[in-house]
Amino acid sequence: MGWNSWNRFQTRIDESLIRDSAEAIVENGMRDAGYRYVVIDDGWEAPERDPAGDLVADPERFPSGMKALAEHVHRLGLRFGIYTDAGTRTCAGYVGSLGYEFRDARRFAEWDVDYVKIDWCNAGGLGTRSVYWKWSRAFRAAGRPMILSLCEWGRTRPWEWAHRVGHLWRTCWDIQDTWESLTTVLDKQRGLQTFAGPDGWNDPDMLEVGNGGMTLDEYRTHFGLWCLLAAPLMAGNDLREMPDDVRRILTAPELLAIDQDPLGIPGDLIKQWDGSEIWARPLADGSFAVALFDRADADREIALSWDDVGLDKKTRVQVRDIWERRDLGGTDGGIALRVSAHGAAFLKLTPEGSA
Ligand code: GLA
């Protein structure tokens, strides 16, 4: 969990934005809710490497340098992340790392970096497995534990092999701040659940919550479904001026507990009909998290039967609404709830005798 500069700021970044965002994470309660990584995405580099061949931060936008910025972030009790590209140039046209993997990993370690996102632009003709494997060895040689975030957009089915080299892997192209993009990204996640778990996660891309292109209901759906998917939660909005209703979504405690559930089994689509979808994941305490998701453009009732999640219909189940943080009581057979258009009800189902 953390924050990344890309979705909101693209390459319009500098050290005061990063510093202010890190401070905001502490002040607005996000750090205490679990958000730890402050990640600078594309656009931080100077136009050229230095004469020794090392990457350099843009001296005008990052005059204090990356080591000082990392120190500031660490002092706030947070971790520091950075971005590079496996090819010759980053997606925004900055210097890439191809052929400099060991040198760049060493430099990141010298800067006390904790997390590196490695993109895949301008890497034509290269094999993802061998290049990311090289990075993995470069991290080890650099001698500092750093999270390796693979970003080849799901092109070579990283869920099948990337847990050997890194910690998370993008499963799809970039998310945009629109409903259409959100549902397209979501559909790409189906069937990938068995590949992810502790230490190796499917990454459906960073959050757009609070960036203005969707309604609050749609952002709630976005956030809740990402928690059901056990997704890495990287906030992507401007934390320096965050309205309270956005903060409440990003820090919803019972949703975050689902995302971070120690069993680490991501949810999957278990049923769909006519624009209604049910997503579910099993949890460590024997209960289930379930989303009743209304993809259609009108409110509707969505019904869930206990056998949809593999329970005997006769089981008595305690139902809790984890957005509203309200117990709905014990029920036999199933439950039906009214869900608003593009909204979702997020429930925790605890079969009696399981917890
Ligand atoms: C790619 C990645 C994005 C972002 C940009 C930066 O598109 O998928 O997440 O890092 O590059 O240019």
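Whatever comes next refers back to the structure up there.
Residues numbered from 1 in each chain as written. Predicted model: local features only at pLDDT ≥ 70, side-chain atom pairs only at ≥ 80, totals over all residues. Heavy atoms only, no water.

With 13 residues, helix α8 (residues 216–228) should cover 18 Å at 1.5 Å per step; its first-to-last C-alpha distance of 18 Å lies within 8% of that length. In terms of burial, α8 is largely enclosed, as 10 of its 13 residues are buried. Burial in α8 covers these residues: E218, Y219, T221, H222, F223, G224, L225, W226, C227 and L228. Buried residues along α8 sit against α7 (179–188), α9 (244–250), α10 (253–259), β10 (276–282), β11 (288–294) and β16 (344–351). Just past α8, the residue A230 takes up positive phi, approximately 55 degrees. (Helix = DSSP H or I, 4+ residues; strand = E, 2+ residues; numbered from the N terminus. Expected span 1.5 Å × (residues − 1). Buried < 20%, exposed > 50% of the residue type's maximum accessible area, 1.4 Å probe, protein only. Contact = heavy atoms within 4.5 Å.)

Applying the stated criterion across every chain yields a total of 11 aromatic pairs. For the ring pair W135 and F139, a centre distance of 6.1 Å and an interplane angle of 85 degrees mean the geometry is edge-to-face. In this pair, W135 and F139 both sit in helix α6 (residues 128–142), four residues apart, roughly one turn of the helix. We classify W135 as buried; its relative accessible area is 0%. By the ring-pair criterion, three or more aromatic residues cluster together here, those being W44, F108 and W111. (Phe/Tyr/Trp six-rings, centres within 6.5 Å; stacked < 30°, edge-to-face > 60°.)

Attention shifts here to the state of the cysteines. What makes a disulfide is a covalent bond joining the sulfur atoms belonging to two cysteines. The tally for this structure, following the rule as stated, stands at one disulfide. Two residues, C91 and C121, share a disulfide whose sulfurs are 2.0 Å apart. Classification of the bridge connecting C91 and C121 rests on its S-S torsion, roughly 100 degrees, and on that basis the disulfide is right-handed. Taken together, the positions of C91 in the loop between β3 (79–85) and α5 (101–110) and C121 in the loop between β4 (115–119) and α6 put the pair 30 residues apart, joining distant regions of the chain. (Disulfide = S-S within 2.5 Å.)

So, about the site of the ligand. Lining the immediate surroundings of the ligand are W6, D41, D42, Y83, C91, A92, K117, D119, C151, W153, R170 and D174. One nitrogen or oxygen atom from the side chain of D41 is found 2.6 Å from an oxygen atom belonging to the ligand. D119 is positioned with one of its side-chain polar atoms (N or O) 2.7 Å from an oxygen atom of the ligand. Surface burial for the ligand is 93%, taken as the share of its 310 Å² of free accessible area covered by protein chains. Residue classes in the shell around the ligand are distributed as six nonpolar, no polar and six charged. (Near = heavy atom within 4 Å. Polar contact = N/O pair within 3.5 Å; in protein donor to acceptor, adjacent residues only side chain to side chain. Areas by Shrake-Rupley, 256 points an atom, 1.4 Å probe, with all protein chains shown as cover. Nonpolar A, V, L, I, M, F, W, Y, C, P; charged D, E, K, R; others polar.)

Note on sheets: strands pair through backbone hydrogen bonds, and any given pair is parallel or antiparallel. Pairing is antiparallel across the open sheet formed by six strands, whose spatial order is β9-β10-β11-β16-β13-β14. Looking at the sheet topology across the chains shown, the edges are occupied by β9 (268–273) and β14 (326–332). The average undirected angle you get between the axes of adjacent strands in this sheet is 25 degrees. Here β11 pairs with β16 via six bridges, running antiparallel. Bridging from a neighbouring strand, L292 pairs with A345 of β16. (Pairing = 2+ DSSP bridges. Axes fitted to C-alpha atoms, helices over the stretch in contact; angles between N-to-C directions.)

Considering the arrangement of structural elements, one finds A341 in the loop between β15 (334–339) and β16. Look at A341 and you get partly exposed, because its relative accessible area is 23%. The spatial distance from the C-alpha of A341 to the C-alpha of E218 is 8.8 Å, given a sequence separation of 123 residues. Those residues in contact with A341 that lie beyond four places of it in its chain are D294, A296, D297, A298 and D299.

Right, let's talk about the environment of A196 for a bit. Mapped onto the elements, A196 comes out in the loop between α7 and β7 (201–203). Residue class for A196 comes out buried when judged on its relative accessible area of 13%. Taking the C-alpha atoms as reference points, A196 and L168, separated by 28 residues in sequence, lie 8.8 Å from one another. Residues contacting A196, with those up to four places away along its chain left out, are W201, N202, G264 and P266.

With that out of the way, let us pick up helix α4 (residues 66–75). Residues of α4 that are buried: M66, L69, A70, H72 and V73. Along the axis of α4, the buried residues cluster in a sector spanning 160 degrees; they form a single face. (Arc of directions from axis to C-beta.)

Turning next to the side chain of S305. Tracing the backbone through its elements, the reader meets S305 in strand β12 (residues 300–305). Only 2.6 Å separates the side chain of S305 from the side chain of D307, close enough to count as a polar contact. Setting aside residues up to four positions removed in sequence, S305 forms contacts with K313, G333 and G334.

So, about the nonpolar core. With 92 residues, the main nonpolar core has Y35, W44, M66, F223, W226 and L250 as its most contacted residues. Among the elements that make up this core, the one with the highest residue count is α8 (six residues). Sequence-distant contacts of Y35, that is, excluding residues within four places in its chain, are made with M1, G2, I25, M30, L78, F223, L233, A235, L250 and L256. Counting residues in hydrophobic clusters, the runner-up holds 18 residues, among them I302, L304, W306 and V317. (Core = buried A, V, L, I, M, F, W, Y, C linked by side-chain atoms within 4.5 Å.)

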